[in-house]
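Architecture at a glance
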Amino acid sequence: MEVVKITVSKAAQRATEKYAKENYDRILVKFPKGTKEQIQATGETVNGFINKAVAERLEKQAEK
């Protein structure tokens, strides 16, 4: 797999960070060792897996 580096201007980085701060909550989570590898073995990214799990749980809560 070839890695391609893309140069992004500092202005673009600041704009991206500003957008993220305005539209997303940052949540730090910790899991027992080995959890990350188990998630990656499913073929999903850790972030994607956690986002899907949270969305599913919130949906179930809303149904109650």
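Notes on the structure follow.

Scoring rules and cut-offs
Throughout, residues of each chain are indexed from 1 in the direction in which the sequence is written. Per-residue local features of the predicted model are confined to residues with pLDDT of at least 70, and side-chain atom pairs are confined, for both listing and counting, to 80 or more; whole-chain, interface and lining totals are unaffected and use all residues. Think of the side-chain values as coming from all heavy atoms in the structure, minus any hydrogens and water. Stacked, tilted and edge-to-face are the three classes assigned to paired rings of Phe, Tyr and Trp, where Trp is represented by its six-membered ring and a pair needs centres within 6.5 Å; plane angles under 30 degrees give stacked, over 60 edge-to-face, the rest tilted. Only protein chains enter the accessibility calculation, which uses a 1.4 Å probe. A residue is then buried if its area is under 20% of the maximum for its type, exposed if over 50%, and partly exposed in between. Throughout this description, the term salt bridge denotes a Lys or Arg side-chain nitrogen within 4 Å of a carboxyl oxygen of Asp or Glu.

Let's talk about the packing of aromatic side chains
With the rule as written, the count across this model stands at 1 aromatic pair. Here the aromatic rings of tyrosine 19 and tyrosine 24 are separated by 6.2 Å at their centres, their planes lie at 65°, and the arrangement is edge-to-face. Using a relative accessible area of 47% as the deciding quantity, one classes tyrosine 19 as partly exposed. Residue class for tyrosine 24 comes out exposed when judged on its relative accessible area of 55%.

Quick look at the pattern of salt bridges
Overall, the coordinates contain 1 salt bridge when judged by the stated rule. For glutamate 44, the salt bridge is made with lysine 52, and the minimal N-O distance between the two is 3.4 Å. Looking at lysine 52, the relative accessible area reads 43%, which means it is partly exposed.

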